[in-house]
Amino acid sequence: MKLLPILAAVGLATAQTAAPYTDAKSGITFSAYVDATSGYFFGISTPANSTGGTDFIATIGGKGTGYSGASLGGGMLNKLLILAWPNGQNIVSSFRKAAQYGSPAVATGTFTQTPIANGTYVNSTHWTYTFLCGKCIQTDGTTFKATDAQPAIGFALNANAPAQKASASASVSKHTAQGQVKLSLKAAQHKDFEVWRTWAKREETFIA
Ligand code: HEM
């Protein structure tokens, strides 16, 4: 029997939907938060035996030309944020962090994003960016922990594209919807993770 992701909503900003999510092109499966109204989604996929691991595969996307953001620590402040938006047929993405409310600055650290090409595209229904999030589980309180059963993940979106959308460090306007959802790490586990991980390639050129 397949385990279904358990996802409980703790924010009230938009309607929250619990959903397993499979990327149509790559076939990678995620434990995900999907908002049918806005088109926003964020999901993670982890190794079958992920205890103590630091890496996962993430997917983030939406519809239209606005941005989708996620907080790996739940809230906005002093947490590791992922921010992405489409730019034509490309996706622009960055890590961000903010000590105060306002457009979060680009964050640098040991964490990395390595794109998975067959899960990264813009089509007539949505845009999606799939990547290996390397060392994205940190121990300094900025992200969830590998031992968390159901960490809170933050989401934030705005239907408007950033003004400087070709630049990964572009400043953005405040989200028009935000909140937190609980995402089951157990449901994110998949036996094919190690295969999917090998699809991540740094030399892909579609990330600005
Ligand atoms: C100019 C840009 C931004 C401003 C002014 C801003 C401001 C705020 C404020 C004031 C809140 C508290 C809730 C509220 O009063 O609305 C909040 C929550 C939040 N923001 Fe931002 N934000 C910005 C950009 C971002 C970005 C780019 C991300 C993600 C990549 C993000 C992620 C979040 C999350 C996850 C929450 C928490 C929601 C919750 O705890 O329920 N924010 N933000």
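Every value quoted in this text rests on a predicted model; they were computed, and no experiment measured them.

### Some details on the overall build of the protein chain
Part 1 of the reasoning: Counting secondary structure elements, the protein chain contains one helix and 15 strands.
Part 2 of the reasoning: For the protein chain, the residues scored as buried account for 51% of the 208 residues in total.
Part 3 of the reasoning: Long-range contacts, defined here as pairs at least 24 residues apart, represent 62% of the contacts in the protein chain between residues at least 6 apart.
Part 4 of the reasoning: If you sum the accessible surface of the protein chain, you get close to 9600 Å²; carbon and sulfur atoms cover 55% of it.

### What to know about the site of the ligand
Part 1 of the reasoning: Neighbouring the ligand are 22 residues; Met 76, Val 172, Lys 174, His 175 and Gln 180 lie closest to it.
Part 2 of the reasoning: Take Lys 174: an N or O atom from its side chain is 2.7 Å from an oxygen atom of the ligand.
Part 3 of the reasoning: In this structure, an oxygen atom belonging to the ligand sits 3.4 Å away from a side-chain N or O atom of Gln 178.
Part 4 of the reasoning: Those elements that place two or more of their residues in the shell around the ligand are β6 (67-71), β7 (81-87), β13 (152-158) and β14 (177-183).
Part 5 of the reasoning: Taken together, the residues of the shell around the ligand sort by class into ten nonpolar, eleven polar and one charged.

### Observations regarding the side chain of Thr 130
Part 1 of the reasoning: Relative to the helices and strands, Thr 130 is located in strand β12 (residues 127-134).
Part 2 of the reasoning: Residue classification places Thr 130 among the buried residues on the basis of a relative accessible area of 0%.
Part 3 of the reasoning: At a separation of 3.2 Å, a polar atom in the side chain of Thr 130 contacts the side chain of Thr 59.
Part 4 of the reasoning: Those residues in contact with Thr 130 that lie beyond four places of it in its chain are Ile 28, Phe 30, Ile 57, Ala 58, Thr 59, Pro 115, Ile 116, Gly 119 and Thr 120.

### Re the environment of Asn 158
Part 1 of the reasoning: Checked against the element boundaries, Asn 158 lands in strand β13.
Part 2 of the reasoning: Separated by 16 residues in the primary sequence, Asn 158 and Lys 174 place their C-alpha atoms 7.3 Å from one another.
Part 3 of the reasoning: The contact partners of Asn 158, leaving out residues within four places of it in the chain, are Gly 66, Tyr 67, Ser 173, Lys 174, His 175 and Thr 176.
Part 4 of the reasoning: In terms of polar contacts, Asn 158 uses its side chain to reach the backbone carbonyl oxygen of Lys 174, at 2.7 Å.

### Observations regarding the coordination of the iron atom of the ligand
Part 1 of the reasoning: The protein atoms that coordinate the iron atom of the ligand are Met 76 (SD) and His 175 (NE2), at distances of 1.9 to 2.1 Å.
Part 2 of the reasoning: Each of the six donor atoms bound to the iron atom of the ligand contributes to angles spanning 88 to 179 degrees, and the resulting shape is octahedral. With Met 76 in the loop between β6 and β7 and His 175 in the loop between β13 and β14, this pair connects stretches of sequence that are 99 residues apart.
Part 3 of the reasoning: The exposure class of His 175 is buried, given its relative accessible area of 17%.

### Some details on the environment of Ala 188
Part 1 of the reasoning: Within the fold, Ala 188 resides in the loop between β14 and β15 (189-190).
Part 2 of the reasoning: Through-space distance from the C-alpha of Ala 188 to that of Tyr 21 is 10.0 Å; in sequence the pair is 167 residues apart.
Part 3 of the reasoning: Ignoring any residue separated from it by four or fewer positions in sequence, one finds Ala 188 in contact with Ser 31, Ile 44, Ser 45 and Thr 46.

### What about the packing of aromatic side chains?
Aromatic ring pairs are reported here in terms of the distance separating the ring centres and the angle at which the planes meet.
Part 1 of the reasoning: One pass over the structure, following the stated rule, counts eight aromatic pairs.
Part 2 of the reasoning: Ring geometry for Tyr 33 and Tyr 40: centres 5.8 Å apart, planes at 45 degrees, overall tilted.
Part 3 of the reasoning: Here the aromatic residues Tyr 21, Phe 30 and Phe 41 are joined through ring pairs into a cluster of three or more.
Part 4 of the reasoning: Its end group placed over the ring of Tyr 121, Lys 25 keeps NZ or CZ at 4.4 Å from the ring centre.

### What to know about the nonpolar core
Part 1 of the reasoning: Counting residues in hydrophobic clusters, the biggest one holds 32 residues, and the most contacted among them are Phe 42, Phe 56 and Ile 60.
Part 2 of the reasoning: Mapped by element, the contributors of at least two residues to this core are β4 (41-47), β5 (56-62), β7, β8 (90-97), β12, β13 and β14.
Part 3 of the reasoning: It is β12 that contributes the most residues to this core, four residues altogether.
Part 4 of the reasoning: Beyond its immediate sequence surroundings of up to four residues, Ile 60 is in contact with Tyr 40, Phe 41, Phe 42, Ser 68, Gly 69, Ala 70, Ile 82, Ala 84, Trp 127, Thr 128, Tyr 129 and Phe 131.

Cut-offs and rules
- Residues numbered from 1 in each chain as written.
- Predicted model: local features only at pLDDT ≥ 70, side-chain atom pairs only at ≥ 80, totals over all residues.
- Heavy atoms only, no water.
- Helix = DSSP H or I, 4+ residues; strand = E, 2+ residues; numbered from the N terminus.
- Buried < 20%, exposed > 50% of the residue type's maximum accessible area, 1.4 Å probe, protein only.
- Contact = heavy atoms within 4.5 Å.
- Areas by Shrake-Rupley, 256 points an atom, 1.4 Å probe, with all protein chains shown as cover.
- Near = heavy atom within 4 Å.
- Polar contact = N/O pair within 3.5 Å; in protein donor to acceptor, adjacent residues only side chain to side chain.
- Nonpolar A, V, L, I, M, F, W, Y, C, P; charged D, E, K, R; others polar.
- Donors = N, O, S within 2.8 Å, 3.2 Å for Na, K, Ca; no water.
- Tetrahedral: all angles 85-135°; square planar, octahedral: opposite > 155°, others 65-115°.
- Phe/Tyr/Trp six-rings, centres within 6.5 Å; stacked < 30°, edge-to-face > 60°.
- Lys NZ or Arg CZ within 6 Å of the ring centre and 35° of its normal.
- Core = buried A, V, L, I, M, F, W, Y, C linked by side-chain atoms within 4.5 Å.

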